[in-house]
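Observations on chain architecture
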Amino acid sequence: MSQARVFIQELLKEADIEINGHRPWDIQVNNEGFFQDVLARGNLALGEAYMAGEWDCKQLDEFFHRLLRARIGEKIKPSRLLWHHLRSRFFNLQNTKRAWKVGEHHYDIGNKLYQQMLDKRMVYTCGYWNNAQNLEQAQRNKLELTCRKLQLQPGMKLLDIGCGWGSFMKYAAENYGVECVGVTISKEQVKLGEQLCAGLPIEFRLQDYRDLNEKFDAIVSLGMFEHVGQRNYKDYFEVVERCLRDDGLFLLHTIGRNRDMHGTDPWISKYIFPNGELPCLTHIDRVSRDILCTEDVHNFGADYDPTLMSWYRNFEANWSKLEGDYDETFFRMWRYYLLSCAGAFRARNLQLWQWVFSKQGITGGYHRPRLDSDAADAQAL
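To start, this report covers the structure provided alongside it.

What counts and how
- Residues numbered from 1 in each chain as written.
- Predicted model: local features only at pLDDT ≥ 70, side-chain atom pairs only at ≥ 80, totals over all residues.
- Heavy atoms only, no water.
- Axes fitted to C-alpha atoms, helices over the stretch in contact; angles between N-to-C directions.
- Helix = DSSP H or I, 4+ residues; strand = E, 2+ residues; numbered from the N terminus.
- Parallel < 35°, antiparallel > 145°, perpendicular 65-115°, else oblique.
- Contact = heavy atoms within 4.5 Å.
- Nonpolar A, V, L, I, M, F, W, Y, C, P; charged D, E, K, R; others polar.
- Salt bridge = Lys/Arg side-chain N within 4 Å of Asp/Glu carboxyl O.
- Buried < 20%, exposed > 50% of the residue type's maximum accessible area, 1.4 Å probe, protein only.
- Pairing = 2+ DSSP bridges.
- Polar contact = N/O pair within 3.5 Å; in protein donor to acceptor, adjacent residues only side chain to side chain.

1. Digging into the packing of helix α1 (residues 3-13) against helix α2 (residues 33-51)
Contact geometry for α1 and α2: axes closest at 8 Å, N-to-C directions at 70°. On the basis of their axis angle, the class for α1 and α2 is roughly perpendicular. Here α1 contributes Ala4, Arg5, Phe7 and Ile8 to the contact with α2, which in turn contributes Phe35, Gln36, Val38 and Leu39. Taken together, the residues of the contact of α1 with α2 break down into six nonpolar, one polar and one charged.

2. Comments concerning the pattern of salt bridges
The final tally for this structure, using the stated rule, is 28 salt bridges. The salt bridge involving arginine 23 is made with aspartate 16; its shortest N-O contact spans 2.9 Å. In this structure aspartate 16 comes out as partly exposed when scored by relative accessible area, which is 37%. Residues glutamate 62 and arginine 346 are paired through a salt bridge, measuring 3.0 Å at the closest nitrogen-oxygen approach. Here glutamate 62 is found in helix α3 (residues 60-69), whereas its partner arginine 346 is found in helix α14 (residues 328-346), with 284 residues between them in sequence. The class of glutamate 62 is buried, set by a relative accessible area of 12%. Assessed through its relative accessible area of 21%, arginine 346 is described here as partly exposed. One connected set of salt bridges, linked through shared partners, spans Asp16, Glu18, Arg23, Asp26, Asp61, Glu62, Arg66, Asp305 and Arg346.

3. With respect to the sheet that holds strand β6 (residues 216-222)
Pairing within the open sheet is mixed, and its seven strands lie in the order β5-β4-β3-β6-β7-β9-β8. The open sheet has two edge strands, β5 (202-206) and β8 (293-299), and neither has a second partner. Ignoring which end each strand starts from, the neighbouring axes of this sheet average 15° apart. Sheet strands touched by helix α8 (residues 167-176): β3 (157-161), β4 (179-184), β5 and β6. Its angle to β5, the strand with the most contacts, is close to 160°. Taken strand by strand, helix α9 (residues 187-196) contacts β4 and β5, and its axis lies near 165° from that of β5.

4. Some thoughts on the side chain of arginine 332
Take arginine 332: it is sitting in helix α14. The buried category is assigned to arginine 332, whose relative accessible area is 13%. In this structure the side chain of arginine 332 is engaged in a polar contact, spanning 2.6 Å, whose partner is the backbone oxygen of tyrosine 50. A distance of 3.1 Å separates the side chain of arginine 332 from the backbone oxygen of tryptophan 55, its partner in a polar contact.

Put into structure tokens, the structure is as follows:
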């Protein structure tokens, strides 16, 4: 038995995970060279080895939940990953040229994939699961809650930064009578989004957010801030400030992490979201405080676990409709992506925040709205 295997075996015991054990979260290793590679290259090697079939796990989400809850990753610090950290610290990986890469690499890989994986509205952000029984209800809850937080009224003009396929704009236009402009860096999202939103007062633009310079009554950004990068946060908030009317509200919906760090997981960066970077609360507060006024911060990060698990179940159930377009390596990569992220949110290693900002502070204060399901819970208490 190699020293690398012995070392990893002892680490995994702290998370109650066994090598070649019989429980669904135990890891099944098919290549002994896997252990040394993981010690040398950390998470990048772990993900690549899974894609290559060098190890398996029946319940990958629970494997990661246990791994992260026990903070095993903090005890392996591969020196080869130093460059990944340094490049995110000293280079602007999300400048106007590089910002388009994630659109091409992730969002443009096929609308059919996302149609089979997401809910019927094609919402690719965390649902709000309070009293929701399924993904459709959870996503409807999130869209409705977001509209109420923005205090939308008929006739308003709304900007959606990182609009995806237009799910929020479509909901807001149909239910609140607002006119919408959405910007995205994905050609495929624009193509399908225009079809899904046909006949509504919605405009899609293939455009970098930094080029925006017009006024809106409300601004929303759902799941796009993860692609902005720390070096660009000030520019981002200055764009919002110049585009938001004086009495308007801005809602920022973003995944975040608990600690002040640069860079992101190297496997996620290489295979899923190139040049992505997750903020922490300090990052957002430090940059925004001199530009906008924080009215509300709402954390429902635990809701991303059931959201991701629902996406995975859809993806797996509909794989037969997709396998003609993607190979087995892609299946394992996408499975690893969805389930490892579910485990991370279950471990509370990642969070999901909705921030509400005004330009100068609301006289008398801002009061977070409730959905009917929230009110019912409060009465039960």
